[in-house]
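# Structure at a glance
Below, each chain spelled out in residue letters.
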Amino acid sequence: MDAAQLVGHDVLHIQGGRPVRGSLLVPGDKSISHRAVMLGALAKGESFLRGLSEGDDVARTLNAVTSIGAEVCVTKTGLSIKGGQHRLHEPDEVVYLGNSGTSMRLLTGLLAGFKWFSILQGDSSLSNRPMDRVIEPLKKMGAVIYGRGDNRFPPLAIKGGDLDGIDYTLQIPSAQVKSAILLAGLRAKGNTRVTELVPTRAHTEELLKLFGADIRVENLANSDLPKFGGNVIHIAPSFLHPVDIDIPADPSQGAFWVVAGCIVPQSEVLVSNLYSSRDRLGFVDVLLGMKASIELDDENCHSVNIKASHSAMCGTEILGDQIVSVIDEIPILAVAACFAEGTTVFRDLGELRLKESDRIESIYQMLRAFGVQVEVGEDELLVVGGMPLSADVTVDSFGDHRIAMAAAVAGLAREGSTEIKGWSAVNTSYKGFVRDLNSLIQPMSFDG
Ligand code: S3P
């Protein structure tokens, strides 16, 4: 019998107490996949994308670009997208984006560039996530956008076109907001300049360059502004050409297995071909700071293999500008903290309340269900590690894929059973999680 099994379609049952050993290739990076699909739709000609994320979120973006006239075909090795402004048109129907915040925010920027009327709608979680952060700069560029709740929430009605370039400083460090403005800037009159005081993931800039956009990134590291150096991104109106790309594996998905290797006794896991950039590998720095046993082989500067083995760990503090580089990894780092001696303090987590669930609250509830001593504040969490977790536990995913997967890893790391309700949330990003989990689990127990 497999150690992890679906009960019905929405509950995962895990029997903990066995080491995880072996190597894995996790799915293609979700953030890069969204952007590659959108830029493929804008580029004139046929782009070939291999290694795309297979989750529902990227499928929403694929449906969205199809609904505006791009042609998506399955090839032997991945997908091809025929795009170009000559074939794109106003969507005939409401564009439904399910749970995908990245699709909604980036597409709002893309659609703002066209003289069409579009309506973007999400599920109940997405309908309560703030969109004013993209609406406000796009309106300044000349787009007309309405949203529910005094122009704050989806559904969004967008009438785009005739945009002017903008000089905008991000109010919150958000790659989604930055990307929405850059996508609109592609079709604005004049140049657009986005300043980010804290660096955020740079996939949009990297891919825009690859697709031939007139874009330049100026690093502020030497100025006396922020500690790690922010960036000013300059983009001019541009036509894109098609590309042929391999999408590297998703570090945010790899993080679950890296932490599993670190906290499950007698384990050793190798996760290969992860997109390697400091803005996505903050979790490795945090785990190293907790004295985890992790080795990185970064011979190839575009991707990295990470080997994680079980060892004693200690608590740490994670706060300030560092949060951006681990924004999606806080749930799994909170699980790691349960197995580290001492207290781990997470501060400046305010943005986590606005994710697929209120992640401060859902992490708190998940750890409490495992019997962990945890304190919660408005934007902080304190996790007391090194104590035994409860043996038989039922937890909720709160409809949030990253909470579900973090709970699964916690469930593996001690003897006893775990039931995770609302497991299907995982489909938004990692449909093969249970298969990969079972491929790593070894037949012996911790007692040997
Ligand atoms: C993402 C950026 C982050 C991250 C999200 C994906 C992206 O969101 O949490 O999962 O692909 O740009 P914010 O930009 O809101 O911080």
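Residues numbered from 1 in each chain as written. Predicted model: local features only at pLDDT ≥ 70, side-chain atom pairs only at ≥ 80, totals over all residues. Heavy atoms only, no water.

## Re the overall build of the protein
- Check the secondary structure of the protein and you find 13 helices and 25 strands.
- Against the 2.2 N^0.38 benchmark of 22 Å for 448 residues, the protein shows a C-alpha radius of gyration of 22 Å, consistent with a compact globule.
- For the protein, the proportion of its 448 residues judged to be buried stands at 59%.
- Taking contacts inside the protein between residues at least 6 apart in sequence as the whole, the part at least 24 apart equals 75%.
- About 17100 Å² of surface is accessible on the protein, with carbon and sulfur atoms providing 49% of the total.
- In the protein, 41 side chains carry a positive charge and 55 a negative one; their mean positions are 5 Å apart. (Helix = DSSP H or I, 4+ residues; strand = E, 2+ residues; numbered from the N terminus. Rg over C-alpha atoms; globule rule 2.2 N^0.38 Å. Buried < 20%, exposed > 50% of the residue type's maximum accessible area, 1.4 Å probe, protein only. Contact = heavy atoms within 4.5 Å. Areas by Shrake-Rupley, 256 points an atom, 1.4 Å probe, with all protein chains shown as cover. Lys, Arg positive; Asp, Glu negative; His and termini not counted. Charge placed at Lys NZ, Arg CZ, Asp CG, Glu CD.)

## Quick word on the nonpolar core
- Among the nonpolar cores identified, the biggest contains 80 residues, and Trp-257, Phe-283, Leu-287, Phe-346, Leu-367, Trp-423 and Phe-433 are the most heavily contacted of them.
- Looking at which element gives the most residues to this core, the answer is helix H12 (residues 401–412), with nine residues.
- Excluding anything up to four places from it in sequence, Phe-433 contacts Phe-256, Trp-257, Met-405, Ala-408, Trp-423 and Val-426.
- Counting 65 residues, the second-largest nonpolar core is a separate cluster that includes Met-38, Ile-68, Ile-81 and Leu-120. (Core = buried A, V, L, I, M, F, W, Y, C linked by side-chain atoms within 4.5 Å.)

## Comments concerning the packing of helix H1 (residues 30–42) against helix H3 (residues 101–112)
- Put simply, H1 and H3 touch, their axes get as near as 11 Å, and they point 25° apart. It follows from the interaxial angle that H1 and H3 lie roughly parallel. At the point where H1 passes H3, the crossing takes the right-handed sense. The residues of H3 that touch H1, namely those facing His-34, Arg-35, Met-38 and Leu-42, are Thr-102, Ser-103, Leu-106, Leu-107 and Leu-110.
- When its residues are assigned to classes, the contact of H1 with H3 shows five nonpolar, three polar and one charged. (Axes fitted to C-alpha atoms, helices over the stretch in contact; angles between N-to-C directions. Parallel < 35°, antiparallel > 145°, perpendicular 65-115°, else oblique. Left-handed = near helix turned anticlockwise from the far one by under 90°. Nonpolar A, V, L, I, M, F, W, Y, C, P; charged D, E, K, R; others polar.)

## Brief notes about the site of the ligand
- Close to the ligand lie Ser-31, Arg-35, Thr-102, Arg-105, Ser-174, Ala-175, Gln-176, Arg-201, Ile-327, Asp-328 and Lys-355, which account for all nearby residues.
- A distance of 2.9 Å separates an oxygen atom of the ligand from a polar backbone atom of Gln-176.
- Contact with the protein chains hides 94% of the accessible area of the ligand, taken as 380 Å² for the molecule alone.
- Those elements giving two or more residues to the shell around the ligand turn out to be H1, H3 and helix H6 (175–185).
- Its residues placed into classes, the shell around the ligand shows two nonpolar, four polar and five charged.
- Residue-level mapping places the shell around the ligand at the junction of two domains, with at least three residues from each of domain 1 (4–27 + 250–440) and domain 2 (30–168 + 177–189). (Near = heavy atom within 4 Å. Polar contact = N/O pair within 3.5 Å; in protein donor to acceptor, adjacent residues only side chain to side chain. Domains from an automatic or database assignment.)

## Section: the state of the cysteines
- On inspection of all chains with the given rule, the structure shows zero disulfides.
- The closest cysteine sulfur to the non-disulfide-bonded Cys-262 is located on Cys-314, 12 Å from its own sulfur. (Disulfide = S-S within 2.5 Å.)

## A few points about the domain arrangement of the protein
- Taken as a whole, the protein is organised into domain 1 (4–27 + 250–440) and domain 2 (30–168 + 177–189).
- Computed over C-alpha atoms only, the centres of domain 1 and domain 2 are separated by 30 Å.
- Counting residues at the interface gives 13 residues for domain 1, matched by 13 residues for domain 2.
- Taken together, both faces of the contact between domain 1 and domain 2 bury some 1200 Å²; the carbon and sulfur share is 44%.
- Considering only the side of domain 1, the residues that lose the most area to domain 2 are Leu-354, Glu-356 and Thr-428, jointly responsible for 42% of the buried surface there.
- For Asp-56, the salt bridge goes to Lys-431, with nearest N and O atoms at 2.7 Å. (Buried area = accessible area lost by both parts, 1.4 Å probe. Salt bridge = Lys/Arg side-chain N within 4 Å of Asp/Glu carboxyl O.)

## With respect to the environment of Ile-441
- Within the secondary structure layout, Ile-441 lies in the segment after helix H13 (433–440).
- Taking the C-alpha atoms as reference points, Ile-441 and Pro-91, 350 residues apart in sequence, are found 46 Å from one another.
- With residues up to four places along the chain from it excluded, the contact list for Ile-441 reads Ala-3, Arg-18, Pro-19, Val-20 and Leu-412.

## Here's the deal with the packing of helix H10 (residues 330–338) against helix H11 (residues 359–369)
- Where H10 meets H11, the axes come as close as 10 Å, and the angle between the chain directions of the two elements is 30°. Looking at the two axes, H10 sits roughly parallel to H11. With respect to the hand of their crossing, H10 and H11 are arranged in right-handed fashion. Judged by residue contacts, Ile-330, Pro-331, Ala-334, Val-335 and Cys-338 of H10 engage Arg-359, Ile-363, Met-366 and Leu-367 from H11.
- When its residues are assigned to classes, the contact of H10 with H11 shows eight nonpolar, no polar and one charged.

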